[in-house]
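Chains, contacts and geometry: an overview
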Amino acid sequence: MRYMLIEAVTSGMIIGKDIYDANDSILLCQGKRLSELNVTRLRELGYAGIYIQDNLTRDIRIDDILSPEIRSEACQSIRNFDLDEAKKVAEAIVERILSAESVSIDMVDLKTFDSYTYHVAGLATIVGMGMGFSADKLKELCIAGMFHDMGKLEVPAEILNKPSKLTTEEYDIIKKHPQKSYDLLADRFELSSNVRMGVLCHHENEDGSGYPRGLTGDKINIFAKILHVVDVYDALTSKRSYKKAYACSEALEYLMGGTATLFDEKVVDVFMKYVPIYPKGMQVLLSDGRKGVIVRNNPISSLRPVVRMVDGLDIDLTDMHRYSTLTIVCQANEDTATPEEIAQAEQERWQIQGH
């Protein structure tokens, strides 16, 4: 299967993975042929893209690390602010991640706005595992990830979803949400200080320019450092009313560019090890104008995966004798690209790196 941005999805295509709605119920089932009405509705609901089945990519499998059942239970516990249920879910998430043969995230998550905290919790847990945390510490980190943004429930929707630039007053309201999230957990004395400080400080920057306390470097809790990285990654790769979704490669380049100033370098390094720059099934634009689909990632270099071209040929970009000058420019949708599109993509890629 391959992942297609929603703008390129058309009627007649076959769904490759179940699509969930905001209540974590199946909206459209794997194997269904899309109608024009289906496509229109998916665009209206704000889906960035979907997986589709076709003959070229039928052997590319995207396996979920966490089951739909765990996802549903996690989202339910978050919506109900049920910490007791969240503990059970966190235990299930940690057990599944620790027992998985491979915990590399190779799917482009089809999350809705309501379930993004679940996604952050899962990514944070994987980073914690990569950093050698114990099972008990991973459960705490997972819980912190689930509830780190609860304070946003008190932020007016018109501010959260404002399509234009926030005013200074509106941004000040947004900046209060970590404290509000922390306050909501104040009477849950069974939660560790790591959970509480992770929630409170997940917008602190390494150079002291973050909020709410302006902490620097080692003064920032390790849970907060991890949540900061995965929260920003999730925000960049999510489609919102006020922004398009960044490609995974663009988001990771932003994290790399922000190490030591915004993000902890070790956390970013671990994150990049477990979150491939180009997930399986993603369509990409090559520097020679051709487009292909990621078949698998290479342990040698995440920047040079195996790409399948439209004629069925698999190209291993680690083969420097044959493909030394061939690079991936960005995520793509069609089978060909103009020189102007390539130049624009290259310019956008370097702008992201510059930030």
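For the structure itself, look to the data block above.
A quick note: this is a predicted structure, and the numbers were derived from the prediction, not measured. (Residues numbered from 1 in each chain as written. Predicted model: local features only at pLDDT ≥ 70, side-chain atom pairs only at ≥ 80, totals over all residues. Heavy atoms only, no water.)

**Some points on the overall build of the chain**
What the chain contains, in helices and strands, is 14 helices and 10 strands. The proportion of buried residues among the 355 residues of the chain is 52%. Contacts in the chain between residues at least 24 apart in sequence constitute 63% of all its contacts with a sequence separation of at least 6. If you sum the accessible surface of the chain, you get close to 16400 Å²; carbon and sulfur atoms cover 50% of it. (Helix = DSSP H or I, 4+ residues; strand = E, 2+ residues; numbered from the N terminus. Buried < 20%, exposed > 50% of the residue type's maximum accessible area, 1.4 Å probe, protein only. Contact = heavy atoms within 4.5 Å. Areas by Shrake-Rupley, 256 points an atom, 1.4 Å probe, with all protein chains shown as cover.)

**A word on the packing of helix α9 (residues 193-200) against helix α10 (residues 222-236)**
Put simply, α9 and α10 touch, their axes get as near as 7 Å, and they point 40 degrees apart. Here α9 is positioned oblique relative to α10, judged by the angle of their axes. For the pair α9 and α10, the sense of crossing is right-handed. Across from Asn194, Val195, Met197, Gly198 and Val199 in α9, the residues of α10 making contact are Phe223, Ala224 and Leu227. (Axes fitted to C-alpha atoms, helices over the stretch in contact; angles between N-to-C directions. Parallel < 35°, antiparallel > 145°, perpendicular 65-115°, else oblique. Left-handed = near helix turned anticlockwise from the far one by under 90°.)

**Here we look at the nonpolar core**
Of all hydrophobic cores here, the largest spans 69 residues; its most connected members are Ile93, Met146, Tyr233, Leu255 and Phe271. Membership of the second largest hydrophobic core comes to 14 residues, among which are Met4, Val9, Tyr47 and Ile50. (Core = buried A, V, L, I, M, F, W, Y, C linked by side-chain atoms within 4.5 Å.)

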